[in-house]
Amino acid sequence: MSRSDVSSEEENPLECTDCLDPAEAFALVSNETRLAILEALWAADERPVSFSELRREVGMRDSAQFNYHLQKLTGHFVAQEDGVSASEATGGSPDGRSDGGYTFRHAGEKVVRSVIAGTFNEQPTVEPFPVEGDCVSCRGPLRAVYEDERLRIECRDCGQRHGEYDFPPGGLNDRTPEEIAEAFDQRVRHLHCLAADGVCPECSGRMESRIVEEGECCLGVGLRVDHECAQCGHTLCSAAGLRLLDHSAVVGFHRERGVALEDRPYWTLPWCVTDEYTHVLEREPYRLEVRIPLEGDLLAVTMDGDLNVLETRVETGD
């Protein structure tokens, strides 16, 4: 094997042997019966689910017609397992079948989760509501605003943004405004943790991060971190400090001073939403320092351009 052959295989380690065109994939699940099959699988207490049980849950009498729709899903959205299911082991299937039942493939789960999240079929409206904390710029009151399936935290007085990110409509269901704000905080932490670790929160593709010192982002700051997926193009932006919310040295620094960092919404922490506490030490390659003040002391955290923590240092007020 030539060197060029090896290089080619390393650059393209995966080959799709049974792929669907995106338009064809959406067409397969656009049918009401097929969506009902996926929802029945989701609602099942245990999987795999037998053919007859699935048909009963969907409520379709015509076995042949039901089988037609089920087979359209099988392979890409649904997997058929071999063997005889426990419920059919005695007496056999009333449909004359003896299969091990059906379960989800990842794509099928994603379709159902999207429906449950309301991404495809809901457009809720929520009146702006107050949230905990004060504006980092003017100390004015903060509020949450929900528009176009995105939630943002902003100052009611000066309009300063404290973050704006995707929040699926399903996240609003059965939650009070306080619970929505808490869920949003947890979601943002999760999204940025994945992104900083190089994993796209949308498609699990490779997420690339870069330090930016110009323009504005969802926070209205200049010095920031931009994350972009090389596979699907999904983007996120943040102040560099947001990466440190779960770092052991940062968590410990706060805990020693009586603050449980996990209980503080990210937008109440100035070093998470503004570039005022972040300084560029070096360029090419980048080295950043985030300075976190608390109770008269200060924690200085040095990071590289990939947001890896290189050093932490505590400076006491004494």
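The rules behind the values
Residues numbered from 1 in each chain as written. Predicted model: local features only at pLDDT ≥ 70, side-chain atom pairs only at ≥ 80, totals over all residues. Heavy atoms only, no water. Helix = DSSP H or I, 4+ residues; strand = E, 2+ residues; numbered from the N terminus. Contact = heavy atoms within 4.5 Å. Areas by Shrake-Rupley, 256 points an atom, 1.4 Å probe, with all protein chains shown as cover. Pairing = 2+ DSSP bridges. Axes fitted to C-alpha atoms, helices over the stretch in contact; angles between N-to-C directions. Patch = residues over 30% accessible without salt bridge, like charges linked within 9 Å, V, L, I, M, F, W, Y side chains within 5 Å. Salt bridge = Lys/Arg side-chain N within 4 Å of Asp/Glu carboxyl O. Lys, Arg positive; Asp, Glu negative; His and termini not counted. Charge placed at Lys NZ, Arg CZ, Asp CG, Glu CD. Phe/Tyr/Trp six-rings, centres within 6.5 Å; stacked < 30°, edge-to-face > 60°. Buried < 20%, exposed > 50% of the residue type's maximum accessible area, 1.4 Å probe, protein only. Disulfide = S-S within 2.5 Å. Polar contact = N/O pair within 3.5 Å; in protein donor to acceptor, adjacent residues only side chain to side chain.

Student: Summarise the overall build of the chain; cite the residues concerned and give the values.
Tutor: Helix and strand counts for the chain come out as 9 helices and 13 strands. Considering only intrachain contacts with a sequence separation of at least 6, the fraction spanning at least 24 residues in the chain is 49%. Working note: accessible area of the chain is about 17800 Å², and carbon and sulfur atoms make up 43% of it.

Student: Before we move on, could you go through the sheet that holds strand β13 (residues 309–315) and cite the residues and values that matter?
Tutor: Overall, antiparallel pairing links the 4 strands, which are arranged β10-β11-β12-β13 in an open sheet. The open sheet has two edge strands, β10 (278–282) and β13, and neither has a second partner. Averaged over all pairs of adjacent strands, the angle between their axes in this sheet comes to 20°, without regard to strand direction. In the sheet, β10 pairs with strand β11 (residues 287–294) via 4 bridges, with the strands oriented antiparallel. The residue bridging V280 from the neighbouring strand is L288, located in β11. In the packing of helix α8 (residues 248–255) onto the sheet, the strands contacted are β11, β12 (297–304) and β13, and the crossing angle to β12 comes to about 175°.

Student: Can you tell me about a negative patch on the surface, naming the residues and giving the values?
Tutor: A cluster of acidic side chains, namely E178, E179, E182, E262 and D263, defines a negative patch on the protein surface. Its location among the elements puts E262 in the loop between α8 and α9 (270–273).

Student: How would you explain the packing of aromatic side chains if you had to name every residue and give the values?
Tutor: The description of two aromatic rings rests on the distance between their centres and on the angle between their planes. Tallied over the full model, the rule gives 7 aromatic pairs. Aromatic pair F51 and F66: ring centres 5.3 Å apart, planes at 80°, arrangement edge-to-face. Here F51, found in helix α4 (residues 51–58), pairs with F66, found in helix α5 (residues 63–73); they are 15 residues apart in sequence, far enough to count as distant. On the accessibility criterion, F51 (0% relative accessible area) is buried. With 6.0 Å between their ring centres and 75° between their planes, F167 and F184 make a pair best called edge-to-face. Pair noted here: F167 is in the loop between β6 (161–166) and α7 (177–196) and F184 is in helix α7, with a separation of 17 residues, a long-range link. Classification of F167 by relative accessible area gives buried; the value is 4%. Taken together through their ring pairs, the aromatic side chains of Y165, F167, F184, Y266 and W267 make up a single cluster.

Student: Quick rundown of the pattern of salt bridges? Include the residues and the values.
Tutor: One pass over the structure, following the stated rule, counts 17 salt bridges. R243 serves as the salt-bridge partner of D197, at 2.8 Å between the closest nitrogen and oxygen. Pair noted here: D197 is in the loop between α7 and β7 (207–212) and R243 is in the loop between β9 (235–238) and α8, with a separation of 46 residues, a long-range link. One salt bridge in this structure joins R257 and E256, with 3.4 Å as the shortest N-O distance. By relative accessible area, which is 65% here, E256 ends up exposed. One salt-bridge network, in which partners are shared between bridges, spans R143, E147, R152 and E154.

Student: Hey, could you go over the environment of Y266 for me, with residue numbers and the actual values?
Tutor: Counting through the fold element by element, Y266 comes out in the loop between α8 and α9. For Y266, a relative accessible area of 1% translates into the label buried. Separated by 81 residues in sequence, Y266 and D185 have C-alpha atoms that sit 6.5 Å apart. In contact with Y266, not counting residues within four places along its chain, are I153, H162, G163, Y165, F184, D185, V188, R189, L242, L245, C272 and V273.

Student: Kindly report on the sheet that holds strand β8 (residues 224–229), identifying the contributing residues and their values.
Tutor: Strand-to-strand pairing in sheets goes through backbone hydrogen bonds, with the strands running parallel or antiparallel. Ordered in space as β7-β8-β9, the 3 strands form an open sheet in which the pairing is antiparallel. Each edge of the open sheet carries a strand with a single partner, namely β7 and β9. Recorded for the sheet is a direction-independent mean angle of 20° between the axes of neighbouring strands. Judged from the 4 bridges that link them, β8 and β9 form a sheet pairing that is antiparallel. Looking at β9, one finds that E228 is bridged to T235. Running at roughly 105° to β9, α7 makes contact with β7, β8 and β9 of the sheet.

Student: Let's hear about the state of the cysteines: which residues, and what values?
Tutor: The full count for this structure, using the stated rule, is 0 disulfides. Looking at C232, it has no disulfide partner, and the nearest cysteine sulfur is the one in C203, 3.6 Å off. On the basis of relative accessibility, which here comes to 42%, the residue C232 falls in the partly exposed class.

Student: Describe the environment of W267, and please don't skip the residues or the numbers.
Tutor: With respect to the helices and strands, the residue W267 is situated in the loop between α8 and α9. Separated by 131 residues in sequence, W267 and V136 have C-alpha atoms that sit 8.7 Å apart. When sequence neighbours within four positions are dropped, the list of residues in contact with W267 reads V131, E132, L142, I153, H162, A181, F184, D185 and V273. Only 2.7 Å separates the side chain of W267 from the backbone oxygen of E132, close enough to count as a polar contact.

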